[in-house]
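# Observations on the three-dimensional arrangement
The chain contents come next:
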Amino acid sequence: MGFQRRTRTCGEVRASHAGEVVSLTGWAHKVRDLGGVLFVDLRDRTGIVQLTFDPNLFPDSEAIRSECCMAATGTVKNRAEGTKNPKMPTGDIEVVVTSYSILGASKPLPFPVSDEEQMNSVNEELRVKYRYLDLRRPSMYRKLAVRASVIRRMRVFLDGQEFLEVETPIITKSTPEGARDYLIPYRQNSGLWYALPQSPQQYKQMLMVGGIERYYQVARCFRDEASRADRQPEFTQLDIEMSFITVDEVLSLIESLTMEVINATTQEFGLDKQAVTEFSRITYDDAMRDYGCDKPDLRFDLKLFDLTEVVKDSSFSVFRNAAESGAVVRGIRYPGGASLSRAEVAKLEEYAKEFGAKGLASLAVVNAADASEGTFVSKSGLAVKASIAKFFSAEDLEAILLKTGAMAGDLLCMVADEYLASCTILYRLRLEIGRRLGLLSSNRLSFLWVTDFPLVEWDANGGRWSSMHHPFTMPNEEDLHLAKTDPGKIHAQAYDLVCNGYEVAGGSIRIHDSEIQAEMFHVLGIDEATQQDRFGHLLEAFSFGAPPHGGIAFGIERLIMLLTDTENIREVMAFPKIADGQDPLMGAPSTIDAQQWAELGLRMSK
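Note that the structure is a prediction, hence the values are computed from the model and not measured.

Calculation criteria
- Residues numbered from 1 in each chain as written.
- Predicted model: local features only at pLDDT ≥ 70, side-chain atom pairs only at ≥ 80, totals over all residues.
- Heavy atoms only, no water.
- Helix = DSSP H or I, 4+ residues; strand = E, 2+ residues; numbered from the N terminus.
- Buried < 20%, exposed > 50% of the residue type's maximum accessible area, 1.4 Å probe, protein only.
- Contact = heavy atoms within 4.5 Å.
- Pairing = 2+ DSSP bridges.
- Axes fitted to C-alpha atoms, helices over the stretch in contact; angles between N-to-C directions.
- Phe/Tyr/Trp six-rings, centres within 6.5 Å; stacked < 30°, edge-to-face > 60°.
- Core = buried A, V, L, I, M, F, W, Y, C linked by side-chain atoms within 4.5 Å.
- Salt bridge = Lys/Arg side-chain N within 4 Å of Asp/Glu carboxyl O.
- Parallel < 35°, antiparallel > 145°, perpendicular 65-115°, else oblique.
- Left-handed = near helix turned anticlockwise from the far one by under 90°.
- Nonpolar A, V, L, I, M, F, W, Y, C, P; charged D, E, K, R; others polar.
- Expected span 1.5 Å × (residues − 1).
- Patch = residues over 30% accessible without salt bridge, like charges linked within 9 Å, V, L, I, M, F, W, Y side chains within 5 Å.
- Areas by Shrake-Rupley, 256 points an atom, 1.4 Å probe, with all protein chains shown as cover.

So, about the overall build of the protein chain. Helix and strand counts for the protein chain stand at 16 helices and 22 strands. Viewed in the frame of its principal axes, the protein chain has a C-alpha envelope of about 90 × 75 × 55 Å. A total of 606 residues make up the protein chain; the buried ones form 48% of that total. In the protein chain, 67% of the contacts between residues at least 6 apart in sequence involve partners at least 24 apart.

In structure tokens:
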């Protein structure tokens, strides 16, 4: 049958077009045969419109099957009252078909593209294997459209700030920055290797030496590590670097960019998000003390407390022994948790143990009127109910209530452990409490800066210091004298942008002095010969009038996850990898033939 070129898209047809003859193209989203009349919901990238087929005119219409690609010409007609669909933008009309063509037949589908709810139970590997079908879903198209809009707006903003977009190499030198490199054998000289970049870090610093001053790039980055819900072996970041810049100037620029991009994208797509208007700031040390992590979720203000000094002389041996050994006693309030049953508290303890807790001590706080006779009552009229209460004096309990800011109905949950271990446990417990109490509002994006990170952290497995961010981060100048004596106390001019518990961007002022950079390499246990082999190009560049500079990198996928309320990074990428970096769509990684092995000068090791 005849096929005319498209005159309108499926999503634009409205009642105002009634009587118009239109030609449409797309995919058969749903096909319904209702007693002699065939209805087809035709879908393209703009939306869905209902087609109506008279079986007397089209006896061969059984060829129309779900997800076949087709064209149809017909007359726009207003639907009768009672048959309109208010859930569809095109629900007031239908197109009565006069001719159609099957442009691409479809065999039976591996999963139901038209049923969004049923797709939630489809095996993820199957979805990625048939990603071209998965992408046909309107929800997937919308996420990619949001992503495209965000990147476009980032470019417009930075172009307006006189930044220059510069592309840096994808095949480069292996200079490990924390994760494993993806390596590429060099065919023309066996034994030599390229690497895919973990980031454009060194190139963008050399661009600053080159006088570019304001650089950005939407960069592909590669890290040879297993996939996680918020991590992929290849990903996209907005990379930014500036010369003659201070920390406050970087933060101010990124706040303006973030508000411009997010608020405009939210309005464009009608996303259910509050406008972003402010950014909090907190130091790394305060974040660990108050929230147990360096990427706290501040959609709810529930802080940790420290009782080490209060309970160090108590009769409760678990707490007393911890304090005496240099460990800590810390905890968190669970508002309303005093009403939990013993079984429910036990489940909470099991949850804490999943993250390393040896146990979970708890105190229920109630009003004095609700307490049994003989229960401790504070000066403010609060009572404490718990089996461990007998191990604390009245003064101890009074101090505990004061220190924790407890209120009637609270459950005080406490752990005794090393400081960092307590951070991990209580950070997870805090999020679980927030989830249970419904405090993780999906329509609020709570941004904050975490600053003043330690420059290095001790790697017990490697027996050496490792960079908290990367080895090119500038130390605070007043801490430089500690490089040889106590590097663990050096703070860095580094900053992370955190939103709803995710790190969405990270950056720092960079080292631009070759002597300071060499000293930093020494702290990390990198000898001079290795420095020259891996980083000699950068050290030499710094000897030719390198300007002070700094920058930041945005994780594009993580930002899109937050905007679209998506829990897995794979949902906001067109062609993601699954576990262990595998691509079931292309069948990668794959073997290579004998000729390729020979050309590369390689052979398989036993």
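Moving on, we come to the environment of L135. Secondary-structure assignment places L135 in the loop between α3 (131-134) and α4 (138-160). Residues L135 and Q205, 70 residues apart in the sequence, show an inter-C-alpha distance of 38 Å. In this view, L135 contacts M140, Y141, L144, A574 and F575; residues no more than four positions away in its chain are not counted.

What the eight strands build is an open sheet, ordered β6-β9-β10-β22-β21-β20-β17-β11; its pairing is mixed. Edge positions in the sheet fall to β6 (164-165) and β11 (280-283), since each of these pairs with one other strand and no more. Note that strand β17 (residues 447-451) and strand β20 (residues 494-499) share five bridges and pair antiparallel. Within the sheet, the bridge partner assigned to L448 lies in β20 and is V498. With respect to the sheet, helix α6 (residues 247-269) is in contact with β9 (214-222), β10 (234-243), β11, β17, β20, β21 (502-509) and β22 (549-555), its orientation differing from that of β17 by roughly 160°. Running at roughly 50° to β22, helix α15 (residues 556-563) makes contact with β9, β10, β17, β20, β21 and β22 of the sheet.

Turning next to the packing of aromatic side chains. Going through the model one piece at a time under the given rule, you end up with 17 aromatic pairs. Look at F53 and Y100: their rings are 5.5 Å apart centre to centre, the planes differ by 85°, and that puts the pair in the edge-to-face class. Residue F53 is located in strand β3 (residues 47-53), and its partner Y100 is located in strand β5 (residues 93-104); the two are separated by 47 residues in the primary sequence. Comparing F53 with Y100 shows no difference in burial state: the two are buried.

Our next topic: unusual backbone geometry. The amide bond that connects A588 to the next residue, P589, takes the cis arrangement and shows omega of 0°. Phi angles above zero are rare outside glycine, and D452 is one such case at about 55°. Considering the arrangement of structural elements, one finds D452 in the loop between β17 and β18 (456-459). Located in the positive-phi region is N500, a residue other than glycine, with phi close to 50°. Among the residues examined, N500 registers a relative accessible area of 7% and is labelled buried.

Counting residues in each nonpolar core, the largest one holds 75 residues, and the members touching the most others are I240 and F447. Considering each element in turn, this core owes the most residues, eight residues, to α6. Ignoring sequence-local partners within four residues, the contact set of F447 consists of T258, I262, V276, E278, F279, S280, L497, V498, C499, V504 and L559. Within the second largest apolar cluster, 23 residues are counted, among which are F305, F316, F392 and A406.

What follows covers the pattern of salt bridges. The final tally for this structure, using the stated rule, is 39 salt bridges. In this structure, E81 and K84 form a salt bridge, with 3.1 Å as the shortest nitrogen-oxygen distance. Note that K273 is salt-bridged to D565, the shortest N-O span being 2.5 Å. Taken together, the positions of K273 in the loop between α6 and β11 and D565 in the loop between α15 and α16 (594-600) put the pair 292 residues apart, joining distant regions of the chain. Given a relative accessible area of 10%, K273 falls into the buried group. For D565, a relative accessible area of 46% corresponds to the partly exposed category.

Attention now goes to the packing of helix α10 (residues 342-353) against helix α12 (residues 419-436). At a closest axis distance of 9 Å, the pairing of α10 and α12 adopts a crossing angle of 135°. As far as their axial angle goes, α12 and α10 are oblique. The hand of the α10/α12 crossing is right-handed. Counting all contacts with α10, which are made through L348, Y351 and A352, the residues of α12 involved are I425, R428, L429, E432 and R436. For the contact of α10 with α12, the per-class residue count stands at five nonpolar, no polar and three charged.

Between its terminal C-alpha atoms α12 stretches 25 Å, which fits the 26 Å expected from 18 residues at 1.5 Å a residue. Taken together, the buried positions of α12 are S422, C423, I425, L426, Y427, L429, R430, E432, I433 and G434. Looking at the packing, one finds that the buried side of α12 touches α7 (284-291), β12 (304-306), β13 (328-334), α10 and β16 (411-417). The first or second residue beyond α12 is G438, which carries a positive phi of 70°.

Together, I170, I171 and Y194 make up a nonpolar patch on the protein surface, roughly 250 Å² of accessible area in all. By the element assignment, Y194 lies in strand β8 (residues 193-196).

Turning our attention to the sheet that holds β13. The strand order across the open sheet formed by five strands is β12-β13-β16-β14-β15, and the pairing between neighbours is antiparallel. In this open sheet, the two edge strands, each paired with only one partner strand, are β12 and β15 (382-385). Here the average twist between neighbouring strands, direction ignored, is 30°. Across four bridges, the pairing between strand β14 (residues 361-367) and β16 is antiparallel. Bridge pairing in β16 links S362 to C413. Here helix α9 (residues 317-324) sits on the sheet in contact with β13, β14 and β16, set at roughly 45° to β16.

Running from N to C, α7 and α12 cross one another at 65°; their axes reach a closest spacing of 8 Å. Contacts between α7 and α12 involve D285, M288, R289 and Y291 from the former and Y419, L420, C423, Y427 and R430 from the latter. Within the contact of α7 with α12, the residues separate by chemical class into six nonpolar, no polar and three charged.

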